[in-house]
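Close look at the chain arrangement
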Amino acid sequence: RQSEGKPNQTALTETSIVIGWRLTLCGCAFCRQCFLNSVQMKMKHYGKAMCQRCGTSILASDCENIIKFKRSKQNESSHTSFCFDPYNADWNRLAVMSIANFCYDIENMDPGKKCHTCLDCRTVTIHKTNRPFFYCRNNKCPNIMCSICGNVPLSSDDIEACRKKNCAINRY
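Everything numeric here is computed off the predicted structure, so don't read it as measured data.

Okay, the packing of helix α1 (residues 32–44) against helix α3 (residues 88–107) next. Running from N to C, α1 and α3 cross one another at 20°; their axes reach a closest spacing of 10 Å. In this view, α1 runs roughly parallel relative to α3, as classed from their interaxial angle. Two packed elements cross with a definite hand, and for α1 against α3 that hand is left-handed. Packed against α1, whose contacting residues are Arg-32, Leu-36, Val-39, Gln-40, Met-43 and Lys-44, the element α3 presents Asp-90, Arg-93, Leu-94, Met-97, Ser-98 and Asn-101 at the interface. Split into classes, the residues belonging to the contact of α1 with α3 amount to five nonpolar, three polar and four charged.

The following block contains the structure:
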């Protein structure tokens with residue numbers, strides 16, 4: 001039985017085998033603790049969060065929904081009443097592991113990639129160097145930056161200079 005909700009969201013599922021969560025991308029079901037253990041094991045070895053059963057990537061929203069979910073004690077049968085506080089430690093542990101993995105990726109970056117920090121939102125972005133421009137990794141930030149200097153070209157002259165690898169930063 002699947003709880004009511006949007007069809008594209010992680011949903012609490014009850015089957016004859018497991019009572020737990022069904023992942024959005026692959027549909028595999030996990031109990032909370034098994035899911036947490038498998039994600040932690042992958043991330044502990046600098047891997048990406050992947051389904052233990054089929055190898056499909058796991059969405060960050062699935063991780064948050066599963067790790068932070070808890071039915072309230074007052075309404076044990078209801079799937080709609082949530083209490084997130086007891087699970088913040090698990091969520092924070094995964095967040096720290098994710099940051100450690102990002103730092104590991106930066107340290108072991110292949111020569112075809114570079115790392116820049118957006119000057120407006122301070123988000124660090126790893127990008128390929130074979131393209132003249134890249135978008136900031138922060139979805140709320142509209143910046144497009146130069147792959148060489150990391151700056152946001154402000155004029156058509158700056159854009160053309162960056163395309164020719166004679167970046168605006170080198171001209172001033």
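That was the structure; now back to the text.
Turning next to unusual backbone geometry. The general pattern is negative phi for most residues beyond glycine and trans for most peptide bonds. The phi torsion at Arg-122 lies on the positive side, around 65°, for a residue other than glycine. The topology assignment puts Arg-122 in the loop between β4 (113–117) and β5 (124–128). Residue classification places Arg-122 among the exposed residues on the basis of a relative accessible area of 55%.

On to the pattern of salt bridges, then. As enumerated under the stated definition, the model contains two salt bridges in all. Asp-90 is the partner of Arg-32 in a salt bridge, and the nearest nitrogen-oxygen pair spans 2.7 Å. Here the residue Arg-32 occupies a position in helix α1, and Asp-90 occupies one in helix α3, the gap between them amounting to 58 residues. Both residues of the pair, Arg-32 and Asp-90, count as buried. Judged by its relative accessible area of 14%, Asp-90 is buried.

Right, let's talk about the packing of aromatic side chains for a bit. A complete count under the given rule lists one aromatic pair for this structure. Summarising the aromatic geometry, the rings of Phe-30 and Phe-35 are spaced 6.0 Å apart at their centres and angled 65° between planes, so their arrangement reads as edge-to-face. Between Arg-53 and the ring centre of Phe-30, over which it is positioned, the NZ or CZ distance is 4.5 Å.

What counts and what doesn't
Residues numbered from 1 in each chain as written. Predicted model: local features only at pLDDT ≥ 70, side-chain atom pairs only at ≥ 80, totals over all residues. Heavy atoms only, no water. Axes fitted to C-alpha atoms, helices over the stretch in contact; angles between N-to-C directions. Helix = DSSP H or I, 4+ residues; strand = E, 2+ residues; numbered from the N terminus. Parallel < 35°, antiparallel > 145°, perpendicular 65-115°, else oblique. Left-handed = near helix turned anticlockwise from the far one by under 90°. Contact = heavy atoms within 4.5 Å. Nonpolar A, V, L, I, M, F, W, Y, C, P; charged D, E, K, R; others polar. Buried < 20%, exposed > 50% of the residue type's maximum accessible area, 1.4 Å probe, protein only. Salt bridge = Lys/Arg side-chain N within 4 Å of Asp/Glu carboxyl O. Phe/Tyr/Trp six-rings, centres within 6.5 Å; stacked < 30°, edge-to-face > 60°. Lys NZ or Arg CZ within 6 Å of the ring centre and 35° of its normal.

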